[in-house]
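An overview of the molecular structure
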Amino acid sequence: MDRVLTQNYEKYRKVYEARRTFLRYPADWIIRFHNMFMKPNLPSGHILDYGCGSGNNAAFFKEQGYEVYGTDITEAVLPLIEENVGSTENFTILPPDMTRLPYDDNYFDFILSNQVLYYLGSEQRIRAICQEFSRCLRPGGVVFFTMMGSKNYYITQHAQRIEGDLFEIQITGDHRLSGYHEFIYVVRDEDHLKSLFSVFECLTAGYFDQSMFDMKSNFHWIFVGRNV
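Presented here is a report on the structure given in the accompanying data block. (Residues numbered from 1 in each chain as written. Predicted model: local features only at pLDDT ≥ 70, side-chain atom pairs only at ≥ 80, totals over all residues. Heavy atoms only, no water.)

With antiparallel pairing, three strands are arranged side by side in an open sheet as 6-7-8. Only two strands of the sheet have a single partner each, and these edge strands are strand 6 (159-163) and strand 8 (181-185). Taking each pair of neighbouring strands and ignoring which way they run, the sheet shows an average axis angle of 30°. Note: strand 6 against strand 7 (residues 166-170), four bridges, orientation antiparallel. What sits directly across from Gln160, in strand 7, is Glu168. Strand contacts of helix 1 (residues 3-17): strand 6, strand 7 and strand 8, with the helix running at about 125° to strand 8, the strand carrying the most contacts. (Pairing = 2+ DSSP bridges. Helix = DSSP H or I, 4+ residues; strand = E, 2+ residues; numbered from the N terminus. Axes fitted to C-alpha atoms, helices over the stretch in contact; angles between N-to-C directions. Contact = heavy atoms within 4.5 Å.)

As structure tokens, then:
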């Protein structure tokens, strides 16, 4: 692995081992998407949560009756998934440079990747995994991706540009996230977002943004697409 993937892997291995990133509840934008789109259009089926973390979103979809699978990059996350989901049976640990997913063609109805794909660090890697998503997703299946935007406070206050759209984030001092060190591939605007995921037909493109305490903005783009 190159230094981008290695650093991002080590960051998350450490935070999961320390239970520093242990989300227990689904993201509100995912709940809204489920209620607005999936209930009327995709009320059941096979779901892949790529980069599932502690399994908080996977647990939500399991509770709604979906058959949920998940992947992440370190075994340190498995105890957290066990607590949230109740089982790790459908969850797989994959190295971050994995180029082939261990699933059959056309297997999934919906693929979710929430606040994850930008850790791959390059347009080339993101496009490559999207080709794999397309292979594993049935025709007409749906994807839901979120990508960090340049307004995000990580980028505006704690990052330096390495090259192109790749930024290095280092948080120091007495900040509550002191010690975080990671690389992020940032989406510039909506056109960039749609181009990055052009293997899918765009159903909608949007964003969420919140400001609270020291978090001045958590701006993320949202892409929802259909496999063609």
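After that view, the rundown keeps rolling.
This paragraph deals with the pairing of strand 4 (residues 108-113). Of all six residues that make up strand 4, six are buried, and the element is covered over most of its length. Since strand 4 and strand 5 (residues 137-148) lie parallel, the crossover through helix 5 (residues 123-136) that links them has a hand, and here it is right-handed. (Buried < 20%, exposed > 50% of the residue type's maximum accessible area, 1.4 Å probe, protein only. Right-handed = clockwise from strand over helix to strand, strands pointing away.)

Glancing now at the pattern of salt bridges. Side-chain pairs of opposite charge can arise whenever the charged atoms involved come near each other. One pass over the full model with this rule turns up 16 salt bridges. Across the salt bridge formed by Glu123 and Arg127, the nearest N and O atoms sit 2.7 Å from each other. Of this pair, Glu123 and Arg127 are both found in helix 5, four residues apart, which corresponds to roughly one turn of the helix. Given a relative accessible area of 34%, Glu123 falls into the partly exposed group. According to the relative accessible area criterion, Arg127 is partly exposed, its value standing at 28%. The partner of Asp214 in a salt bridge is Arg176, with the nearest N and O atoms 3.0 Å apart. Of the two residues, Asp214 sits in the loop between strand 9 (201-208) and strand 10 (220-226) while Arg176 sits in the loop between strand 7 and strand 8, which places them 38 residues apart along the sequence. (Salt bridge = Lys/Arg side-chain N within 4 Å of Asp/Glu carboxyl O.)

Within the structure shown, the criterion is met by 25 aromatic pairs. Relative to Phe37, the ring of Phe33 lies with its centre 5.3 Å away and its plane at 10°, an arrangement referred to as stacked. Taken together, the residues span about one helical turn, with Phe33 and Phe37 both in helix 2 (residues 28-41) at a distance of four residues. The exposure class assigned to Phe33 is buried, which follows from its relative accessible area of 10%. Between Phe145 and Phe223, the ring centres sit 6.3 Å apart and the planes meet at 15°, which makes this aromatic pair stacked. (Phe/Tyr/Trp six-rings, centres within 6.5 Å; stacked < 30°, edge-to-face > 60°.)

Bringing the environment of Met36 into the picture now. The topology assignment puts Met36 in helix 2. We classify Met36 as exposed; its relative accessible area is 67%.

Once that is clear, we can look at the sheet that holds strand 1 (residues 46-50). In space, the seven strands of this open sheet follow the order 3-2-1-4-5-10-9, with mixed pairing throughout. Edge positions in the sheet fall to strand 3 (91-93) and strand 9, since each has one partner strand and no second. Geometrically, the sheet is characterised by an average inter-axis angle of 15° between neighbouring strands, direction not taken into account.

The end-to-end C-alpha distance of helix 5, which contains 14 residues, comes to 20 Å, matching closely the 20 Å that a straight helix rising 1.5 Å per residue would cover. Close packing links the buried residues of helix 5 with strand 1, strand 4, strand 5, strand 8 and helix 7 (190-196). (Expected span 1.5 Å × (residues − 1).)

Formed by 76 residues in total, the largest nonpolar core has its most connected members in Phe61, Phe110, Phe133, Met147 and Phe197. Among the elements that line this core, the one with the most residues is strand 5, at seven residues. Every residue in contact with Phe110, bar those within four places of it in the chain, is listed here: Phe33, Met38, Leu42, His46, Ile47, Leu48, Phe61, Leu137, Val142, Val143 and Phe144. (Core = buried A, V, L, I, M, F, W, Y, C linked by side-chain atoms within 4.5 Å.)

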